[in-house]
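Take a look at the letters that make up each chain.
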Amino acid sequence: MDNLFKTPIEYLKGVGPERGSVLTSEAGIENAWDLLNYFPFRYVDRSKYHQIIDIPAMEGRAVQLKGTITGVRETGVGRAKRLQATFQDQSGTIDLIWFKGAKWIKDKLKPGVLFRLYGKPTLFKSTYNIAHPEITPFNGVAHEKGLQAVYNSTEKLTKKGLHTKGIEKLTYQLASEIKGKIPEFLPLSVLQQYNLISREQAYRNIHIPPSFEAVQKAQIRIKFEELLLLQMELLLRKNINLQKSSGYVFRQTGAYFDEFYAAHIPFELTNAQKRVTKEIRKDLRSGKHMNRLLQGDVGSGKTLVAVLSMLFGVGNNFQSALMAPTEILAKQHYQTIKELLAPLDIEVALLTGSTKKSERKILFEALSKGEIHILIGTHALLEPTVVFKNLGLVVIDEQHRFGVAQRAKLWKKNTKPPHVLVMTATPIPRTLAMTFYGDLDVSVIDELPPGRKPINTMHFFEKSRLKVFDLIKKEIALGRQVYIVYPLIQESETMDYKNLMEGYEAISRSFPRPKYQMSIVHGQMKADDKAYEMEQFAKGHTDIMVATTVIEVGVNVPNASVMIIESSERFGISQLHQLRGRVGRGAEKSYCILMTGEKLSQEGKKRLQTMVATNDGFKIAEVDLEIRGPGDIMGTQQSGILNLKLADLARDGQLVSAARQTARDILEEDPSLVQSEHQNLKIELKRHLKSKPNWSKIS
Ligand code: ADP
Ligand code: MG
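Just so we're clear, the structure is a prediction, and the values are computed from it rather than from any experiment.

**Thoughts on the site of ligand 1**
Part 1 of the argument: Taken together, 16 residues are adjacent to ligand 1, and Gln273, Gly299, Lys302, Thr303 and Asn556 come closest.
Part 2 of the argument: Within the side chain of Lys302, an N or O atom sits 2.7 Å from an oxygen atom of ligand 1.
Part 3 of the argument: Here an oxygen atom of ligand 1 and a side-chain polar atom of Thr303 are 2.6 Å apart.
Part 4 of the argument: Split by residue class, the shell around ligand 1 holds four nonpolar, seven polar and five charged.

**A closer look at the packing of aromatic side chains**
Part 1 of the argument: Tallying each qualifying case throughout the model produces 12 aromatic pairs.
Part 2 of the argument: Ring geometry for Phe39 against Tyr203: centres 6.0 Å apart, planes inclined by 35°, an arrangement best described as tilted. Of this pair, Phe39 sits in the loop between α2 (32-36) and β1 (42-45) while Tyr203 sits in helix α7 (residues 199-207), and the two are 164 residues apart along the sequence. In this pair, the class of Phe39 matches that of Tyr203, namely buried.
Part 3 of the argument: Their ring planes at 70° and their centres at 5.1 Å tell us that Phe469 and Phe511 sit as a pair that is edge-to-face. Highlighted residues: Phe469 in helix α16 (residues 465-477) and Phe511 in the loop between α17 (493-510) and β19 (518-521), separated in sequence by 42 residues.
Part 4 of the argument: Taken together, the ring pairs connect Phe5, Trp33, Phe39 and Tyr203 into an aromatic cluster.
Part 5 of the argument: Of note, Arg221 hangs over the ring of Phe185, and the distance from its end group to the ring centre comes to 5.8 Å.

**Examining the nonpolar core**
Part 1 of the argument: One finds Phe260, Leu311, Leu341, Ile346, Ile374, Ile376 and Val395 to be the most contacted residues of the largest nonpolar core, which totals 41 residues.
Part 2 of the argument: Those elements that place two or more of their residues in this core are α9 (255-264), α10 (271-285), α11 (302-315), α12 (327-340), β12 (348-351), β13 (374-377), β14 (391-397) and β15 (419-424).
Part 3 of the argument: When residues of this core are assigned to their parent elements, the largest contribution, nine residues, is made by α11.
Part 4 of the argument: Apart from residues no more than four positions distant in its own chain, Ile346 is found in contact with Tyr256, Leu311, Val314, Leu341, His373 and Ile374.
Part 5 of the argument: Ranked by size, the runner-up nonpolar core spans 35 residues in total, among them Val22, Ala32, Ala175 and Ile182.

**Looking at the layout of surface pockets**
Part 1 of the argument: Here the second largest pocket is characterised by a volume of approximately 1,100 Å³.
Part 2 of the argument: Taken together, 30 residues form the lining of the second largest pocket, with His132, Pro133, Glu134, His163 and Thr164 sitting closest to its centre.
Part 3 of the argument: Among the secondary structure elements, those contributing two or more residues to the lining of the second largest pocket are β1, α3 (102-108), β5 (115-119), β8 (134-137), β9 (147-150), α4 (155-159) and α5 (164-175).

**Focus on the environment of Lys238**
Part 1 of the argument: With respect to the helices and strands, Lys238 occurs in helix α8 (residues 212-244).
Part 2 of the argument: Lys238 sits 203 residues away from Asp441 along the chain, and the two C-alpha atoms are 9.4 Å apart.

**Points about helix α23 (residues 653-669)**
Part 1 of the argument: Here α23 spans 24 Å end to end across 17 residues, near enough to the 24 Å set by a 1.5 Å rise per residue.
Part 2 of the argument: Listed in full, the buried residues belonging to α23 are Gly653, Leu655, Val656, Ala658, Ala659, Arg660, Thr662, Ala663, Ile666 and Leu667.

**Let's talk about unusual backbone geometry**
Part 1 of the argument: Pro514 follows Arg513 through a cis peptide bond whose omega is -5°.
Part 2 of the argument: Despite not being glycine, His132 shows a phi value in the positive range, around 45°.
Part 3 of the argument: Mapped onto the fold, His132 is located in the loop between β7 (127-131) and β8.
Part 4 of the argument: One non-glycine residue, Asn317, lies in the positive phi region at around 65°.
Part 5 of the argument: With respect to the helices and strands, Asn317 occurs in the loop between α11 and β11 (319-323).

**Description of the sheet that holds strand β10 (residues 291-296)**
Part 1 of the argument: Here seven strands make up an open sheet; going across it, the order is β12-β13-β11-β14-β15-β10-β16 and the pairing parallel. The open sheet is flanked by β12 and β16 (441-445), the only strands paired with a single partner. Averaged over all pairs of adjacent strands, the angle between strand axes in this sheet comes to 20°, irrespective of strand direction.
Part 2 of the argument: Two elements, β10 and β16, share five bridges in a ladder whose sense is parallel. Bridge pairing in β16 places Gly296 opposite Ile445.

**Some thoughts on the confidence of the model for the protein**
Any segment with low pLDDT has predicted coordinates that should not be analysed in fine detail.
Part 1 of the argument: With 88% of its residues at a pLDDT of 70 or more, the protein has an overall mean of 86.
Part 2 of the argument: Mean pLDDT across the elements of the protein bottoms out in helix α22 (residues 636-642) (44) and peaks in β12 (98).
Part 3 of the argument: Long-range and interchain partners of residues 634-641, a stretch whose pLDDT sits below 50, account for 14 contacts in this model, where long-range means more than four residues apart.
Part 4 of the argument: Below a pLDDT of 50 lies the segment residues 694-699, which in the model reaches 23 contacts outside its immediate sequence neighbourhood of four places, other chains included.

**Considerations on the packing of α11 against α12**
Part 1 of the argument: Where α11 meets α12, the axes come as close as 11 Å, and the angle between the chain directions of the two elements is 60°. One element, α11, and the other, α12, form an angle in the oblique class. Pair α11 / α12 crosses with right-handed handedness. Mapping the contact onto sequence places Thr303, Leu304, Val307 and Met310 in α11 and His333, Ile337 and Leu340 in α12.

**Digging into the side chain of Glu475**
Part 1 of the argument: Within the secondary structure, Glu475 sits in helix α16.
Part 2 of the argument: Buried charge Glu475 goes without a salt bridge, the closest partner of opposite sign being Arg480 at 4.6 Å.
Part 3 of the argument: In this structure, Glu475 is in contact with Arg480, Ser561, Val562, Lys589 and Tyr591, ignoring residues within four places of it in sequence.

**Side note on the sheet that holds β8**
The pairing of strands in a sheet happens through backbone hydrogen bonds and is either parallel or antiparallel.
Part 1 of the argument: Taken together, the seven strands give an open sheet; going across it, the order is β6-β7-β4-β3-β2-β5-β8, and neighbouring strands pair in mixed fashion. Each edge of the open sheet is held by one strand with a lone partner, namely β6 (121-124) and β8. Each strand of the sheet is rotated relative to its neighbour by a mean of 45°, with strand direction disregarded.
Part 2 of the argument: As paired strands, strand β2 (residues 63-75) and β5 are joined by five bridges and run antiparallel to one another. Counterpart to Leu65 in the pairing with β5 is Leu117.

**Section: the pairing of β13**
Part 1 of the argument: Of the two faces of β13, the one carrying Ile374 and Ile376 and the one carrying Leu375 and Gly377 are both buried.
Part 2 of the argument: Relative to β13, β11 is paired through four bridges, and the arrangement is parallel. Bridge assignment links Ala321 to a residue of β13, and that residue is Leu375.
Part 3 of the argument: Following the backbone out of β12, through helix α13 (residues 357-369) and into the adjacent parallel β13, one traces a crossover that is right-handed.

Scoring rules and cut-offs
- Residues numbered from 1 in each chain as written.
- Chains lettered and ligands numbered in written order.
- Predicted model: local features only at pLDDT ≥ 70, side-chain atom pairs only at ≥ 80, totals over all residues.
- Heavy atoms only, no water.
- Near = heavy atom within 4 Å.
- Polar contact = N/O pair within 3.5 Å; in protein donor to acceptor, adjacent residues only side chain to side chain.
- Nonpolar A, V, L, I, M, F, W, Y, C, P; charged D, E, K, R; others polar.
- Phe/Tyr/Trp six-rings, centres within 6.5 Å; stacked < 30°, edge-to-face > 60°.
- Helix = DSSP H or I, 4+ residues; strand = E, 2+ residues; numbered from the N terminus.
- Buried < 20%, exposed > 50% of the residue type's maximum accessible area, 1.4 Å probe, protein only.
- Lys NZ or Arg CZ within 6 Å of the ring centre and 35° of its normal.
- Core = buried A, V, L, I, M, F, W, Y, C linked by side-chain atoms within 4.5 Å.
- Contact = heavy atoms within 4.5 Å.
- 1 Å grid on protein atoms, 1.4 Å probe; cavity = no way out; pocket = protein on both sides within 12 Å on 5 of 7 lines; lining within 4 Å.
- Points joined across faces, edges and corners; volume = space filled by probe spheres on them.
- Expected span 1.5 Å × (residues − 1).
- Pairing = 2+ DSSP bridges.
- Axes fitted to C-alpha atoms, helices over the stretch in contact; angles between N-to-C directions.
- pLDDT = per-residue confidence, 0-100.
- Parallel < 35°, antiparallel > 145°, perpendicular 65-115°, else oblique.
- Left-handed = near helix turned anticlockwise from the far one by under 90°.
- Lys, Arg positive; Asp, Glu negative; His and termini not counted.
- Salt bridge = Lys/Arg side-chain N within 4 Å of Asp/Glu carboxyl O.
- Right-handed = clockwise from strand over helix to strand, strands pointing away.

Printed below as a string of structure tokens:
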């Protein structure tokens, strides 16, 4: 790359040491290349003017107006002092407000002068106003350029004259000097296949935008190269991991698996379950370390796959462990699995935070002697005091709740890292899986066990509660059971408790004993009491289960046919989907009812609409990603590592796939990048890898 780009930022025309150091500290810009990579976050069409009358229809987007000032007044005193002005065009008037710099601006606002104004209207007490607009005398022509790039600035940058316009001046200057200085590194065939513009042109157009279309092409080009480098990095790491890490060999399916499969398995496996079990089996005997992600929607039967996998371990003289995110879920797994494996001569044990000290002592001893074959538990399993004789496989349920560091502890539980099977019920959108788990193999259970009935999902406002209670009564009369779930926010447990209790009382009044029996489960109950209440419901002794989200994962009561989610606008969409998955497991017809108050945010509406519209976990996951962004879903720790400047994993799914495919093709054809058309790519990739922290241990 040309030396121009290594130029320290302070030496750039118009910068100097003071601005240079603020650019570095505020925006991480150290040299000219960094500045060129400081992209506008949006563009404004400066060739068009809006009318004041149209502002309400524009939903808060920025407007450009042309008009005059008809009145100026100062209000308030001291810190509350502000300047207000009335701005008028042919269609109406709007208030302008300045909270500071009043004096300086006041002098500018001469009556009779035609101004060009740019700013973002906000609604305050049912009228619009614009705070701190950009206002300049109208010079007869529109802004010189049709499109204007808008850059992020900060208070400190602004103080040095580097508000968006100041930055624009610098990038404009730089981008006009790059001709012939930015070499192409994408192979010609790739440019042609995806119809991408050159790198140089992309960098120019993104800062000096000729049209929206050109900007879009520039963005696509830059996103593509970002994603390509990322995918190449992931594939390279995956290959390195494969070569490096050897794993325990589970040579045979083993006597336990064989017997269980032949005689005790309670139902015919679905084809998807068979397929993923084969994939796992293949990994386990390959001699390589398994690091596999098992995705499957709620109720797709992942537990059974986990059990079969653990039997492979036990049958090859290894211990296996299953780790769940909550105590209730761990217990339920323990009960299910103990029951399933009862006919076999296998020792299954449970370890959670509430396992008593005396029990622990016995358990730890048996574990270290190899007398316990399968250990099920919460993250208590990770503690250093938990020592296995020969741990060969760990299954992690509901993976996204475990942090990276926690998982790393597992690797140390034996001389070689045990095989890892990560199960997640929240399907991770393909684009995310490809990126975050680029070095994991992925198995998907894309089929539900037979006999599942579609769930009818409906949204009701509070005022329709009686209708909802009628439905509950009808279902109970049919012999079905009902969940009523209240949200739980960490910040205010007491408030949640209050909501739950008030709800419980209201429901008790409408569903009086002895005709109706109710269970209640919440976070402030003792574990034993919770388990008892759960059991009452599971056995069909109670009709209604009132609970906070503790029942979110794993609970299995096939006779339950109605899931009512109170204040459902307070739940995330994948949580709603998880909860819904508790019904539709047996009854002929099931319902999921989303109760909300009248006031809903845009996002809240979207979540509810999506829930009503689809039962497909993958679609739900896509919407979740769109609403929350990948960082939130995977935990900030992981999103920071990606460090993407333009590409957005939620919105650029197609580009992610294209980049993934291209990276594959290139590495397959030329694994060491020796071909001449890959030389520039190799240089760029090296630069990219050098800039990244080592995250090979991330999964
Ligand atoms: P999840 O994938 O959500 O963990 P589970 O493993 O809890 O799902 O399975 C959900 C329910 O489906 C359980 O009651 C389980 O016994 C049942 N199940 C699992 N596999 C099958 C199958 N092949 N045929 C019928 N029922 C199955
Ligand atoms: Mg499960």
